[in-house]
Amino acid sequence: MRPDAEVFLCRLAREFRPRVEQSADELLQVVRGELPALSEHEDLAALALEEGVSHVSTFLDVLEGRLDVAEVEAPEVALEVGLQLARRGVSISDSLRAYRLGHLSLLQQLQEEAARLSDDWELISAATVKLVSTAFEYVDRASEQIAAVYQKERDLLLRRRLILANEAGKRIGTTLDTARTAEELAEVGTDGFADVVTVDLFCSVLHEESRRPAQDAPGLRRIAQQPVLDDFPVSVAGADGVFTYPTGSEQARALATGQALLRHMPATDVPEWQEAPGLTPVPDVGSLLLLPLRARGTTLGLTQFFRRRPTPPFDEDDLLLAQEIADRAAVFIDNARRYTHERDTALTLQRSLLPRGTVRQSAVEAASRYLPSGTHTGVGGDWYDVIPLSGARVALVVGDVVGHGIHAAATMGRLRTAVRAFADIDLMPDELLTHLDDVVIRLGREEERQDGETSATCLYAVYDPVSRLCSLAGAGHPLPAVAQPSSTGGDGPASWSVDFPDVAVGPPLGLGGFPFETAQFELAEGSLLVLFTDGLVARSGHDVDSLSAVLRDGLGHGSDSPEEVCDRLLAALLPTGPADDVALLVARTRALDRDHVAALDLPSDPAAVSRARRFTSDRLAAWGLEELSFSTELVVSELVTNAIRYGRSPVQLRLILQDTLTCEVSDASSTAPHMRRARTFDEGGRGLLLVAQFAGRWGARYHREGKVIWAEQTLPSGSR
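So, here's what we can say about the structure. Worth saying up front: this structure is predicted, and the values here are computed from it rather than measured. (Residues numbered from 1 in each chain as written. Predicted model: local features only at pLDDT ≥ 70, side-chain atom pairs only at ≥ 80, totals over all residues. Heavy atoms only, no water.)

This next bit is on the overall build of the protein chain. When helices and strands are counted, the protein chain shows 17 helices and 21 strands. Relative to its 720 residues, the protein chain shows a buried fraction of 50%. Accessible surface, the protein chain as shown: approximately 33700 Å² in total, 51% of it carbon and sulfur. (Helix = DSSP H or I, 4+ residues; strand = E, 2+ residues; numbered from the N terminus. Buried < 20%, exposed > 50% of the residue type's maximum accessible area, 1.4 Å probe, protein only. Areas by Shrake-Rupley, 256 points an atom, 1.4 Å probe, with all protein chains shown as cover.)

What follows deals with unusual backbone geometry. Following Gln 226, the chain continues to Pro 227 via a peptide bond in cis, the omega torsion being -15°. Its location among the elements puts Pro 227 in the loop between strand S2 (220-226) and strand S3 (242-243). Geometrically, the link from Ser 649 to Pro 650 is a cis peptide bond, its omega value of 0° lying close to zero. Structurally, the position occupied by Pro 650 is in the loop between helix H16 (629-646) and strand S18 (651-657). If you check the backbone angles, Arg 468 has positive phi at about 60° while not being a glycine. Accessibility expressed as a relative area gives 25% for Arg 468, which makes it partly exposed.

Another aspect to go through is the pairing of strand S20 (residues 697-703). Relative to strand S21 (residues 706-714), S20 is paired through 7 bridges, and the arrangement is antiparallel. What sits directly across from Trp 698, in S21, is Ala 711. Between S20 and S21, which pair antiparallel in sequence order, lie 2 residues. (Pairing = 2+ DSSP bridges.)

Its 18 residues give H16 an end-to-end C-alpha distance of 25 Å, which sits within 8% of 26 Å, the value for a rise of 1.5 Å per residue. Where H16 is concerned, the buried positions are Ser 629, Ser 631, Thr 632, Glu 633, Leu 634, Val 635, Val 636, Ser 637, Leu 639, Val 640, Ala 643 and Ile 644. (Expected span 1.5 Å × (residues − 1).)

Attention shifts here to helix H7 (residues 178-189). If you check H7, its first and last C-alpha atoms are 17 Å apart, about what 12 residues at 1.5 Å a residue would give, namely 16 Å. Within the span of H7, buried status applies to Thr 178, Thr 181, Ala 182, Glu 184, Leu 185, Ala 186, Val 188 and Gly 189. Where H7 is buried, its residues meet helix H6 (121-171), strand S1 (196-202), S2, strand S5 (285-295), strand S6 (298-308) and helix H9 (316-353). Measuring from the side-chain oxygen of the N-cap residue of H7 to the backbone nitrogen of Ala 179 gives 3.3 Å; that N-cap residue is Asp 177. (Contact = heavy atoms within 4.5 Å. Polar contact = N/O pair within 3.5 Å; in protein donor to acceptor, adjacent residues only side chain to side chain.)

In the contact formed by H9 and helix H10 (residues 406-424), the axes pass within 8 Å of each other and the chain directions differ by 10°. What the angle tells us is that H9 and H10 run roughly parallel. Contact with H9, carried on its side by Glu 342, Thr 345, Ala 346, Leu 349, Gln 350 and Leu 353, involves Ile 406, Ala 409, Ala 410, Met 412, Gly 413 and Arg 416 of H10 and no other residues of that element. A breakdown of the residues in the contact of H9 with H10 according to their chemical character gives 7 nonpolar, 3 polar and 2 charged. (Axes fitted to C-alpha atoms, helices over the stretch in contact; angles between N-to-C directions. Parallel < 35°, antiparallel > 145°, perpendicular 65-115°, else oblique. Nonpolar A, V, L, I, M, F, W, Y, C, P; charged D, E, K, R; others polar.)

This part covers the side chain of Arg 654. Among the secondary structure elements, Arg 654 is positioned in strand S18. The contact partners of Arg 654, leaving out residues within four places of it in the chain, are Val 466, Val 597, Ala 598, Ala 599, Thr 662, Cys 663, Glu 664 and Arg 701.

Within this structure, the stated rule accounts for 24 salt bridges. A salt bridge links Arg 337 to Asp 334, with the nearest nitrogen and oxygen atoms 2.5 Å apart. Note that Arg 337 and Asp 334 are positioned in helix H9 at a spacing of 3 residues, about one turn of the helix. Residue Asp 334 is classed as buried on the basis of its relative accessible area, which comes to 0%. Asp 567 serves as the salt-bridge partner of Arg 369, at 3.0 Å between the closest nitrogen and oxygen. Of the two residues, Arg 369 is situated in strand S7 (residues 364-371) and Asp 567 in helix H14 (residues 562-573); the sequence distance between them amounts to 198 residues. The exposure class of Arg 369 is buried, given its relative accessible area of 18%. Relative accessible area serves as the criterion here: at 43%, Asp 567 is assigned to the partly exposed category. (Salt bridge = Lys/Arg side-chain N within 4 Å of Asp/Glu carboxyl O.)

One finds Trp 383, Leu 396, Leu 415, Leu 433, Leu 436 and Tyr 460 to be the most contacted residues of the largest nonpolar core, which totals 54 residues. If you look at the next biggest cluster of nonpolar residues, it comprises 39 residues, including Leu 185, Leu 300, Ala 326 and Ala 330. (Core = buried A, V, L, I, M, F, W, Y, C linked by side-chain atoms within 4.5 Å.)

Taking every second residue as pointing to the same face, the buried face of strand S13 (residues 495-499) carries Trp 496 and Val 498, while none of Ser 495, Ser 497 and Asp 499 on the other face is buried. Of the pairings in the sheet, the one linking strand S12 (residues 481-486) to S13 comprises 5 bridges and is antiparallel in character. Across the sheet, Ser 486 pairs through a bridge with Ser 495, a residue of S13.

We now examine the packing of aromatic side chains. Summed over the entire model, instances satisfying the criterion amount to 4 aromatic pairs. For the ring pair Phe 243 and Tyr 245, a centre distance of 5.4 Å and an interplane angle of 85° mean the geometry is edge-to-face. What makes Tyr 245 buried here is its relative accessible area of 7%. One aromatic cluster in this structure is built from Phe 193, Phe 305 and Phe 314. Sitting above the plane of the Phe 193 ring, Arg 307 keeps its charged end 5.2 Å from the centroid. (Phe/Tyr/Trp six-rings, centres within 6.5 Å; stacked < 30°, edge-to-face > 60°. Lys NZ or Arg CZ within 6 Å of the ring centre and 35° of its normal.)

The quantities given are spatial measurements derived from coordinates; they are silent on function.
Structure representation (structure tokens):
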């Protein structure tokens, strides 16, 4: 190379330096013309111009100072531009091509300036060779540094996205609550990814199908928004929070098509989404992602990710990541929706099958509670019942079907109906559980369940206020707690003892082939009988001794009503809610006044019928029920006659006055009476038909020593 060529290049650099800014602007225009995609990043325009000025100045320094290109560092502003392009998702090939186009344009400008400074073409040719060689060395050197910065930033972004995707898998869907899952999506989305995230769900997803706007479009509700900023409060559309996006808006199209959308917005742009009535627009939005929430072919709603200026806008890689997060959240939201729907259905079914009020009876004062499970296990098959029986008695029942969900609730309803049917024929507790065991076995065979056998537990107790005896049998169920007042030596309040009856509990229902036993024990008037399912103690993990202590504390105030006792026990044993379904039944026993019971032993002699009629007439007169004398004497006459004719001694007549008047005739025979329609010339067969006409209810119950035929009559209005 000619020695004067380097001198000429130094002169060329000095002469060109006043035009540095003009040259940088021309370079930028060339790059924008060749790569229009780069012009979308308008927020980088000033930085790009500064980069051009730095590159031109640095290259002129190399020429003028005859510097070694290998020791020249790329300008800091050039590295910053490479960093920003990496954050915006601009490909490395586009970045390097833009860099080379800019330097090619600079070479052309320098060649034109060289032609203006000299007409010695040999000198210009020699200088051009040196100029091009130096330029390519500079481009390669600077490109390596910029590419290294670019790749480092892309690797960092990739790691952040992988971390975010992993965090989304851990943090989204931790519960089966729809609203909480939407909140988790918003929280994950704003954790170093988006500035603002909103989640809108259709009312149908929230089981609010009836709450729709006036128009035909399905209504949405804003379920989650993160963060809540001073200039972007939580949006509330309308008085009930339900809104729709305008027809033709980008949100409406995204919901209709199910396609995600990435949008970059110039500062002057007012997007259509801001026109949704009642919604507060996000200020200073630079870019947004519209992501329909779809799961199992159903659109559940829409989530929007916003980045505000000056945060770098979203790119295509961000869109893919956000779609992955939204799709995962949509599946969890749909799971929560399905679970909520099934739980609500099962809970509605179960509550419809449970007693809706306290049955009027005089044997006990009862209170009950049913608490559904607070966990994802779903509604179980716990139930309770209070069943009035003949002879002023009452049956107290608590049971639990194994499993959860609609099947458990339906099985519970069938078993409760069966218990009522068996109780109506006055079976002993052990006999009732034996029949109920057969029912469970038959249900299991009919259903042929694939997820296990049908099984249940049950506790059946019968309390007689006349004798104050409680007959009890259990099938795999927790024993009840019995609180009775104990005697005191002074005028102070009576203390209460809490015990668990020593009863042999049989196996759960559904196993078959095992016997059940009935235990009897006497209860003092005013005692508390507490029946419950295992959900009451399952979460607290108490054993029998510790449970007894807790129940003793809860039942320590014997004068409290059963309602207050229920509340106290639930507060003591389940302070944070049940982990499993809980059925609780508390009954305070009553004793029937001896003046309201009259009994007469009768011999097996037809002449005793008249004596029974006189006894009945005298007792009704004493009770002020002369109005019922004729019908009651007729009923007593027929029942006593049947007992003497077809039964065995001993025969007893018993009259019980409570809310109704009950006539009972017992004998030692186990023969069953049957009502039939007598033919015209039959001499008998009309007795029980007459009894059924005068009595409101009648029936028979059996015990170890024989049977009892009973009939109930409604008391006249105004009588006690």
